[in-house]
Amino acid sequence: MISNNYFINIARFILLVLVQVLVFNRLNFFGFINPMVYIMFLYWYPIKENRAVFIGLSFLLGISIDFFSDTMAIHAASTVTIAYFRPAIMRFVFGVNYEFQNFKLGNATRVQQFTFLALLIIVHHAVFFTLEIFSLANILLILKKVVSIGLASLVLCLLLGSLFSTKKE
Amino acid sequence: MQQIINFIIRYKNFLLYIFLLTVSLAFTIQSHSYHHSRFFNSSNWISGNIYEASNSFFTYFDLGEENRKLIEENKRLRDRLFNLKTTDSVDLDSVQKTYTITSGKIIKNSYANPRNYITIDKGSKDSIRPDMGVITDHGILGIVENTSKNFATVQSILNENSIINAKIKNSDQFGSLVWNTKDYNVVQLIDIPRMANLTIGDTIVTGGMSTIFPADIPIGTIQKFDLNNSQSLYTIDVALFNDMTDLKHIYIVYNKNQEEIIKLQTETKSDDQ
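Residues numbered from 1 in each chain as written. Chains lettered and ligands numbered in written order. Predicted model: local features only at pLDDT ≥ 70, side-chain atom pairs only at ≥ 80, totals over all residues.

- As annotated in an unreviewed UniProt entry, chain B is Rod shape-determining protein MreC from Meishania litoralis.

- Naming follows an unreviewed UniProt entry, where chain A appears as Rod shape-determining protein MreD of Meishania litoralis.

### Regarding the environment of Asn44 of chain B
Next, step 1: With respect to the secondary-structure elements, Asn44 of chain B resides in the loop between α2 (12–31) and α3 (45–58).
Next, step 2: Assessed through the 19 C-beta atoms surrounding it within 10 Å, Asn44 of chain B is described here as partly exposed.
Next, step 3: When sequence neighbours within four positions are dropped, the list of residues in contact with Asn44 of chain B reads Phe67 of chain A together with Ser148 of chain B. (Helix = DSSP H or I, 4+ residues; strand = E, 2+ residues; numbered from the N terminus. Buried ≥ 20, exposed ≤ 12 C-beta atoms within 10 Å, placed from the backbone. Contact = placed C-beta atoms within 7 Å.)

### Overview of the packing of helix α4 (residues 74–94) of chain A against helix α5 (residues 110–133) of chain A
All names here are of chain A.
Next, step 1: Where α4 meets α5, the axes come as close as 9 Å, and the angle between the chain directions of the two elements is 150°. The orientation of α4 relative to α5 falls into the category roughly antiparallel. Where α4 crosses over α5, the two elements pack in a sense that is right-handed. In this structure, α4 uses Ile74, His75, Ala77, Ser78, Thr79, Thr81, Ile82, Phe85, Ile89, Met90, Val93 and Phe94 to contact α5, whose residues at the interface are Gln112, Thr115, Phe116, Leu119, Leu120, Val123, His124, Val127, Phe128, Leu131 and Glu132.
Next, step 2: In the contact of α4 with α5, the residues fall into 15 nonpolar, seven polar and one charged. (Axes fitted to C-alpha atoms, helices over the stretch in contact; angles between N-to-C directions. Parallel < 35°, antiparallel > 145°, perpendicular 65-115°, else oblique. Left-handed = near helix turned anticlockwise from the far one by under 90°. Nonpolar A, V, L, I, M, F, W, Y, C, P; charged D, E, K, R; others polar.)

### Quick word on the sheet that holds strand β2 (residues 115–120) of chain B
All names here are of chain B.
Next, step 1: A barrel is described by the order of its strands in space; here six strands give the closed sequence β1-β2-β5-β4-β3-β12, paired in antiparallel fashion. Each adjacent strand pair in this sheet contributes to an overall mean axis angle of 45°, direction not counted.
Next, step 2: Strand direction decides the pairing type here: strand β1 (residues 99–108) and β2, joined by two bridges, are antiparallel. Following the sheet pairing, Ile106 is matched in β2 by Ile120.
Next, step 3: Strands β1 and β2 of the sheet are contacted by α3, whose axis makes an angle of about 80° with β1. (Pairing = 2+ DSSP bridges.)

### A short note on the environment of Arg194 of chain B
Residues and elements named next belong to chain B.
Next, step 1: Looking at the element boundaries, Arg194 is found in the loop between β8 (186–193) and β9 (203–206).
Next, step 2: Considered as a pair, Arg194 and Asn228 are 34 residues apart in the sequence and their alpha carbons are 9.7 Å apart.
Next, step 3: If we skip the residues at most four places from it in the chain, Arg194 touches Leu227, Ser232, Leu233 and Tyr234.

### Brief notes about helix α6 (residues 139–163) of chain A
Residue and element names in this part refer to chain A.
Next, step 1: Taking 1.5 Å of rise per residue, the 25 residues of α6 would be expected to cover 36 Å, and the 35 Å separating its terminal C-alpha atoms lies within 8% of that figure.
Next, step 2: What α6 keeps buried is the set Ile142, Lys145, Ile149, Gly150, Ala152, Ser153 and Cys157.
Next, step 3: Where α6 is buried, its residues contact α2 (40–44) and α5. (Expected span 1.5 Å × (residues − 1).)

### With respect to the interface of chain A and chain B
Next, step 1: In this assembly, 28 residues from chain A lie in contact with 28 residues from chain B.
Next, step 2: Mapped by element, the contributors of at least two residues to the side of chain A that touches chain B are α3 (51–69), α4 and α5 of chain A.
Next, step 3: The greatest single-element share of the side of chain A that touches chain B, amounting to eight residues, is contributed by α3 of chain A.
Next, step 4: When the residues that make up the side of chain A that touches chain B are grouped by side-chain class, the tally is 17 nonpolar, seven polar and four charged.

### Regarding the nonpolar core
Next, step 1: Within the largest apolar cluster, 44 residues are counted, with the highest numbers of intra-cluster contacts made by Tyr38, Ile39, Ile55, Ala77 and Val80 of chain A.
Next, step 2: With residues up to four places along the chain from it excluded, the contact list for Ile39 of chain A reads Leu120, Ile121, His124, Ser153 and Cys157 of chain A.
Next, step 3: Counting residues in each nonpolar core, the second largest holds 40 residues, with Ala152, Val187, Ile192 and Ile212 of chain B among its members. (Core = buried A, V, L, I, M, F, W, Y, C linked by C-beta atoms within 7 Å.)

### Focus: the sheet that holds β8 of chain B
Residues and elements named next belong to chain B.
Next, step 1: The six strands are arranged β6-β7-β8-β11-β10-β9 in a closed barrel whose pairing can be described as antiparallel. For this sheet the average axis-to-axis angle between neighbouring strands, irrespective of direction, equals 40°.
Next, step 2: Sheet topology note: the strand β6 (residues 164–168)/strand β7 (residues 174–178) ladder contains four bridges and is antiparallel. When the sheet's bridge partners are listed, Asn165 is paired in β7 with Ser176.

### Quick notes on the domain arrangement of chain B
Residues and elements named next belong to chain B.
Next, step 1: For chain B, the assigned domains are domain 1 (2–31), domain 2 (45–155) and domain 3 (164–240).
Next, step 2: Placing a centre on the C-alpha atoms of domain 2 and another on those of domain 3 gives a separation of 23 Å.
Next, step 3: With 10 residues of domain 2 at the interface, the matching set in domain 3 holds 12 residues.
Next, step 4: Among the elements of the structure, β3 (133–135) and β4 (140–147) are those that each provide at least two residues to the side of domain 2 that touches domain 3. (Domains from an automatic or database assignment.)

### Overview of the pairing of strand β5 (residues 152–159) of chain B
Residues and elements named next belong to chain B.
Next, step 1: With respect to burial, β5 is a largely interior element, eight of its eight residues being buried.
Next, step 2: For β2 and β5, the ladder comprises five bridges, and the chain directions are antiparallel. Pairing of Arg115 across the sheet is with Asn159, part of β5.
Next, step 3: As paired elements, β4 and β5 share five bridges and run antiparallel to each other. By the bridge assignment for β5, Thr147 is matched with Ala152.
Next, step 4: Between β4 and β5, which pair antiparallel one after the other, the connecting turn spans four residues.

Structure (structure tokens):
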């Protein structure tokens, strides 16, 4: 069971990196919208795992995307940030439920799953575009990018999420 | 001592987070200066090969269109060749050439970021070195920034760090070509003196002041011009000839005199001090 879990996470990691750099980084919808779907890795990652490993893995994920898209380490910085704040976000969204042993993401309500994903994306994009544009004079541009690309990421992540839903019908 | 260890154990996740964040911020901030890291770029072995594999698959979809473009370019070059006045073969001797040209293909292109880089399928194996110019059949594209054995990354003109010497065709007033990150079809030519005679639609070409690009390579046409805040210099919006979203074949230009010129310039500079 445990090795199976490792395998799934490794496969997810590689596939998400490839899908991100080969498909979504080329989308250029309206000339600038490239949704970031690799955030799904952090959404799907098991809750009860070692936190340090999770943060390390997220850093690796971010830096692999950076390697491909020549963005230095901006993806790494923003991914590591949401990896660190994920437990806080979960506590905020799922309340005390999330502390229980038998808590599973699939058992949470739709609204909770949606809020969790949306918060991950908002924090990630806010850090990402602040670092990318790197000037507070352009705060409107940052907001515009966070909102528009954030929405695109959210829609595509939800689609991906329902496509590979872990819930057995 | 016990307390310090306890502190580290208790906050190990936080410390790990801060450490990784600092590492990534250090790499990022370093890139805001001129040269970006030698390691964190898509010319490395893994990403280069993955991009090349995916590219070799997608090239088949627009082979017809690419062929049409190449024929068009051949036609234009032949037209110029046949109408050339001097047909003496001595002029065509390779020893006398100042510039050498290598052809290549784009395997990764981006234009949606403030700092765009393009990856090409030629590297140090094909004697590509940093600071060579990259052009297409329509105009300039950028400057080689990093090379690996088989691949190279090119700093696109759509990069806020890019500064290229350019001038207005048929005049010698030159300025710098930069990008304000707003529109991927429009770049800015700044520092053109106020006495310059500008008309909308005039052609902008490379200036030939740098050792990277030969003079008179087309860039684009004037779309709009305004005086800057000090009312003494023009800022010109230049509509690019290249469609930056649809590029495939490129040429890498190398000025054989580059090293000599740069050596001379650094000597002159150090003499002044």
